Amino acid sequence: MSDKEFAQPDKSLYSPNKKGVLGRALAPVAGFGVTFSTLFRPAVTEQYLPHKPEQKTPPRPRYHGMHRLNRYADGLEKCIGCELCAWACPADAIYVEAASNHPGEQYSPGERYGRVYQINYLRCIFCSYCIQACPTRALTMSTEYEVADQTRESLIYEKQDILVPLAEGMLSTPHPMASGTTDADYYRGNITGPTQDQVDWVKQERPDDPTINTARVVTGAKKEDQH
Ligand code: SF4
Ligand code: SF4
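Fair warning: this is a prediction, and the values are worked out from it, not measured in the lab.

Criteria and cut-off values
- Residues numbered from 1 in each chain as written.
- Chains lettered and ligands numbered in written order.
- Predicted model: local features only at pLDDT ≥ 70, side-chain atom pairs only at ≥ 80, totals over all residues.
- Pairing = 2+ DSSP bridges.
- Helix = DSSP H or I, 4+ residues; strand = E, 2+ residues; numbered from the N terminus.
- Core = buried A, V, L, I, M, F, W, Y, C linked by C-beta atoms within 7 Å.
- Buried ≥ 20, exposed ≤ 12 C-beta atoms within 10 Å, placed from the backbone.
- Contact = placed C-beta atoms within 7 Å.
- Arc of directions from axis to C-beta.
- UniProt positions renumbered as here; feature names shortened; annotations may be inferred.

### A word on the sheet that holds strand 5 (residues 156-157)
Across the sheet, which stays open at both edges, the three strands sit in the order 2-3-5 with antiparallel pairing between neighbours. In this open sheet, the two edge strands, each paired with only one partner strand, are strand 2 (94-100) and strand 5. Across two bridges, the pairing between strand 3 (residues 112-120) and strand 5 is antiparallel. Each bridged residue has a counterpart across the sheet, and for I119 the counterpart in strand 5 is Y157.

Okay, here's the thing in structure tokens:
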């Protein structure tokens, strides 16, 4: 194949622009064009004053903030201690130790619950891999972002720091699952609140438990969503 078969590119397309005298004189300051034009625009600095929460800018609704361990509507914990979140974490920031549920001491539906749950916020990069790995939606992320503290120890959050408090109408744990239900009923979202059986159980085991009087009793698990 001879050289004549190829059209040679126009060399002027690849040559540096030839600047005139004025262009060359202004070249050193031309790079500051954006800087100078920004000088005369209004400032967009957002205030961050922890002692004035009304001035804090709320993050976006899907912001990845601090973790939460959630509960079912009857108060049982969603975490089953499976450790999938810990295995998914690329920063090795989660430590879970499971324990068995017993008839007299049940914290979550099914066989096991998360007895120890720690998140090390010195390691966490807020990637959310852990919440994607969680099979029960026990672990989610809030929009809370104030994680700074003075010591290393205080940045290792324990289960009691991230477990959500009982919502209105829930029954405090431990207590049995709603009678006649399986853990699958819980996973399918068929539990809408504590049942009378559960309230009676707590009344017998812990008569002074204040949630006995505030529990919003439902008649039973929703069955229509089951397949
Ligand atoms: S958000 Fe990412 S880094 Fe943080 S605990 Fe979850 S998986 Fe680990
Ligand atoms: S938070 Fe979810 S993934 Fe982690 S141990 Fe509990 S159930 Fe398993």
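We are not done yet, so read on.
### Some words on the nonpolar core
A general feature of soluble globular proteins is that nonpolar side chains tend to end up buried together. Of all hydrophobic cores here, the largest spans 21 residues; its most connected members are C79 and I94. Broken down by element, the residue count for this core peaks at three residues, all from strand 3. Those residues in contact with C79 that sit more than four places away from it in its chain are L69, S108, Y113, G114, Y117 and A138. Counting six residues, the second largest nonpolar core, distinct from the first, contains M170, L171, V199 and W201.

### Let's talk about helix 7 (residues 196-205)
Along helix 7, the residues that are buried comprise Q198, V199, W201 and V202. Seen end-on, helix 7 carries its buried residues on one side only, within an arc spanning 160°. Residues of helix 7 that are buried in the fold lie against helix 8 (211-214).

### Structural notes on the UniProt feature "binding site: [4Fe-4S] cluster 1" (unreviewed entry) in the chain
With numbering matched to this structure, UniProt assigns "binding site: [4Fe-4S] cluster 1" (unreviewed entry) to C79, C82, C85 and C134. Look at the named residues: they lie 56 residues apart in sequence, but the longest C-alpha span between them is just 10.4 Å, so in the fold they bunch up. Of note, C85 is situated in helix 3 (residues 84-88). With sequence-adjacent residues up to four places away left out, C85 is seen in contact with I94, C130, A133, C134 and L139.

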